Amino acid sequence: MSDTSLSPIHVVGAGLAGSEAAWQIAEAGVPVVLHEMRPVRMTEAHLGQGCAELVCSNSFRSDDAETNAVGLLHAEMRRCGSIIMRCGDAHQVPAGGALAVDRVGFSDAVTAALEAHPLIEIRREEIAGLPPQDWDSVVVATGPLTSPALSEAIGTATDEDSLAFFDAIAPIVHKDSIDFSKAWYQSRYDKAGPGGTGADYINCPLDKDQYEAFVDALLSGEKTEFRDWEKDTPYFDGCLPIEVMAERGRETLRHGPMKPVGLTNPHDPDVKSYAIVQLRQDNALGTLYNMVGFQTKLKYGAQAAIFRTIPGLKNAEFARLGGLHRNTFLNSPKLLDGTLRLRAMPRLRFAGQITGVEGYVESAAIGLLAGRFAAAERRGLTIVPPPQTTALGALIAHITGGHLSEDGAQRSFQPMNVNFGLFPPIDVPKVPGKRLRGKEKTVARKRAMSARALADIDAWIGLREAAE
Ligand SMILES: Cc1cc2nc3c(=O)[nH]c(=O)nc-3n(C[C@H](O)[C@H](O)[C@H](O)COP(=O)(O)OP(=O)(O)OC[C@H]3O[C@@H](n4cnc5c(N)ncnc54)[C@H](O)[C@@H]3O)c2cc1C
């Protein structure tokens, strides 16, 4: 099926999306040149030169393909031969119901697979402006930290003020600095999940006084200040810094990342904790743990001081403290066509977080689609996007048209994780002799949507195979 007489497709950026796009193109038999600027030029967040480096958490989130939209996306991507999912599965670490990976093993495996593919050439260079005119098919997958020279060129080409918003990352703690006379291992509701034991998280309990003092410290702690032009930059709601959550109400954290449900403190089993901080394994060795949901823009000194007030973390040593980062993404519903091409310059196709999806898996998923579309176009095949009833289809439909914003209104398109709200509605299947209500009905609806999605993705994959 490979045809080396075809001229190559250029992929810019070997992150989650670019690695997946390059793989899909090459697997479709089309040569690829993959341009990655690291290590020649680094971003603010990447530490090494590996492909598909995970810059913060090591989690691909829930792996439940029956009732969780991201778990369903995992399943669909596996069926499409995703390299990101293949390497993720091969390097998973225990994380309850989530799929978490050893970040180094994962990135090494993706890099090795790409380097070994006969149709992929990797060039270590920055594309510091619009790609050369004679590149007639390009996938731009340069992510939230696209280098300034390229993002300015894209801004000019699209005639848009590039919209930026802020995200924050969570700290990572050395496990051997955690005090296990206070902390304990347990997954919420003892859920074992795909690679877990039911005791995968480290939990640190707070009583009411400790929680109130912690919230006070967050509210008064010294924050990284925004510069003037950055002040109107909004946060993405799914990744709010904890101190911003605390500002929204004193109980917000107790109902969010510090919720005390589904966990029992073995050191004091009769006393219900008022709030609980969870840490999740971050590397295969099990030596590092990240503080779940503790992304923050507190200054480093304040972070260390405040987090050490958490019982069990008094002597915590931090492998990395939390921090702020900027995100850049296109107003995709306006600028991209249904196959991710820039309307104003169709030789450029976009993939990953720069298209306005959020998250490692979603970014890779859009890379998967961009790669398949670019390869089909190069081979003269008709491009058929996946139906919106699938997770892949729901995601691309959202970024290329599903999001509604009124003409002339301020741009309202915001990065989006995959979720069942993006799927067309479905009738909940009837259970003879039983009337489903509440949670039971919601779960039944999700199961029905997932079953429909998996059947439809198989049909879509079959269509492509039939075209070849
Ligand atoms: C600090 C931070 C923390 C995040 N935390 C999480 C998290 O915990 N969980 C989660 O699911 N998502 C997180 N995200 C969001 C997002 O899902 C990830 O950034 C994801 O890696 C995006 O995938 P991508 O392929 O679009 O971009 P990336 O994975 O960032 O890949 C882009 C690649 O392009 C390269 N590049 C950039 N400009 C150029 C150029 N001009 N020429 C050549 N190469 C270039 C970069 O070096 C990089 O390798 C985070 C993002 C950031 C920035």
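Residues numbered from 1 in each chain as written. Predicted model: local features only at pLDDT ≥ 70, side-chain atom pairs only at ≥ 80, totals over all residues. Heavy atoms only, no water.

### Describing a positive patch on the surface
Item 1. A cluster of like positive charges, contributed by Lys430, Arg435, Arg437, Lys441 and Arg445, occupies part of the molecular surface.
Item 2. As for its placement among the helices and strands, Lys441 is situated in helix α12 (residues 438-467).
Item 3. Since its relative accessible area comes to 35%, Lys441 is described here as partly exposed. (Patch = residues over 30% accessible without salt bridge, like charges linked within 9 Å, V, L, I, M, F, W, Y side chains within 5 Å. Areas by Shrake-Rupley, 256 points an atom, 1.4 Å probe, with all protein chains shown as cover. Salt bridge = Lys/Arg side-chain N within 4 Å of Asp/Glu carboxyl O. Lys, Arg positive; Asp, Glu negative; His and termini not counted. Charge placed at Lys NZ, Arg CZ, Asp CG, Glu CD. Helix = DSSP H or I, 4+ residues; strand = E, 2+ residues; numbered from the N terminus. Buried < 20%, exposed > 50% of the residue type's maximum accessible area, 1.4 Å probe, protein only.)

### Quick notes on the sheet that holds strand β5 (residues 98-101)
Item 1. An order of β3-β5-β4 is seen for the three strands of this open sheet, with the pairing classed as antiparallel. Each edge of the sheet is formed by a strand with only one pairing partner; in this case those strands are β3 (59-62) and β4 (92-93).
Item 2. The pairing of β4 with β5 spans two bridges and is antiparallel. Bridged to Gln92 within β5 is Val101. (Pairing = 2+ DSSP bridges.)

### Some details on the site of the ligand
Item 1. Looking at the ligand, there are 33 residues lining it, with Ala17, Glu36, Arg38, Gln353 and Gly359 nearest.
Item 2. Gln353 is positioned such that a nitrogen or oxygen atom in its backbone is 2.8 Å from an oxygen atom of the ligand.
Item 3. Here Tyr360 contributes a backbone N or O atom positioned 2.9 Å from an oxygen atom of the ligand.
Item 4. Here the ligand loses 95% of its free accessible area of 970 Å² to cover by the protein chains.
Item 5. When contributions to the shell around the ligand are tallied by element, the ones reaching two or more residues are α1 (16-27), β2 (32-36) and α10 (360-378).
Item 6. Along the lines of polarity and charge, the residues of the shell around the ligand split into 14 nonpolar, 15 polar and four charged. (Near = heavy atom within 4 Å. Polar contact = N/O pair within 3.5 Å; in protein donor to acceptor, adjacent residues only side chain to side chain. Nonpolar A, V, L, I, M, F, W, Y, C, P; charged D, E, K, R; others polar.)

### Considerations on α1
Item 1. For α1, spanning 12 residues, the distance from its first C-alpha to its last is 17 Å, which sits close to the expected 16 Å at 1.5 Å a residue.
Item 2. Those residues of α1 that sit buried are Leu16, Ala17, Gly18, Ser19, Glu20, Ala21, Ala22, Trp23, Gln24, Ile25 and Ala26.
Item 3. Gly29, located one to two residues past α1, shows a positive phi value of around 90 degrees. (Expected span 1.5 Å × (residues − 1).)

### Some thoughts on the UniProt feature "binding site: FAD" (unreviewed entry) in the protein
Item 1. Under the feature "binding site: FAD" (unreviewed entry), the UniProt entry names Gly13, Ala14, Gly15, Leu16, Ala17 and Gly18.
Item 2. Following the sequence through the fold, Gly15 ends up in the loop between β1 (9-12) and α1.
Item 3. Sequence-distant contacts of Gly15, that is, excluding residues within four places in its chain, are made with Glu36 and Ala52.
Item 4. Along the chain, the position of Ala17 falls in helix α1.
Item 5. Ala17 gets classed as buried once you look at its relative accessible area, which sits at 5%.
Item 6. With residues near it in sequence (within four places) discarded, Ala17 still touches Ala141, Ala351, Gly352, Ser363, Ala364 and Gly367. (UniProt positions renumbered as here; feature names shortened; annotations may be inferred. Contact = heavy atoms within 4.5 Å.)

### Quick notes on the sheet that holds strand β14 (residues 318-320)
Item 1. Read across the sheet, six strands follow the order β10-β11-β12-β13-β9-β14 without closing on themselves; strand pairing throughout is antiparallel. Strand pairing shows two members of the sheet lacking a second neighbour, β10 (184-185) and β14, which therefore form its edges.
Item 2. Of the pairings in the sheet, the one linking strand β9 (residues 172-174) to β14 comprises two bridges and is antiparallel in character. Following the sheet pairing, Ile172 is matched in β14 by Arg320.

### Section: the nonpolar core
Item 1. Counting residues in each nonpolar core, the largest one holds 86 residues, and the members touching the most others are Phe60, Phe106 and Phe423.
Item 2. Here this core gets 11 residues from one element, more than from any other, and that element is α10.
Item 3. Not counting residues up to four positions away in its chain, the partners in contact with Phe60 are Leu54, Val70, His74, Ile84, Met85, Gly88, Leu99, Ala100, Val101, Phe106, Tyr360 and Val361.
Item 4. Within the second largest apolar cluster, 35 residues are counted, among which are Ala170, Ile202, Val277 and Met291. (Core = buried A, V, L, I, M, F, W, Y, C linked by side-chain atoms within 4.5 Å.)

### Here we look at the side chain of Asn265
Item 1. Here Asn265 lies in the loop between α7 (242-247) and β12 (275-281).
Item 2. The class for Asn265 is buried, based on a relative accessible area of 9%.
Item 3. Ignoring anything within four residues of it in the chain, the contact list for Asn265 reads Lys182, Trp184, Pro205 and Ser273.

### Some points on unusual backbone geometry
Item 1. Here the amide bond leading from Arg38 into Pro39 is cis, since omega sits at 0 degrees, within 30 degrees of zero.
Item 2. Mapped onto the secondary structure, Pro39 falls in the loop between β2 and β3.
Item 3. Even without glycine at this site, Arg61 takes up a positive phi of about 70 degrees.
Item 4. Looking at the secondary structure, you find Arg61 in strand β3.

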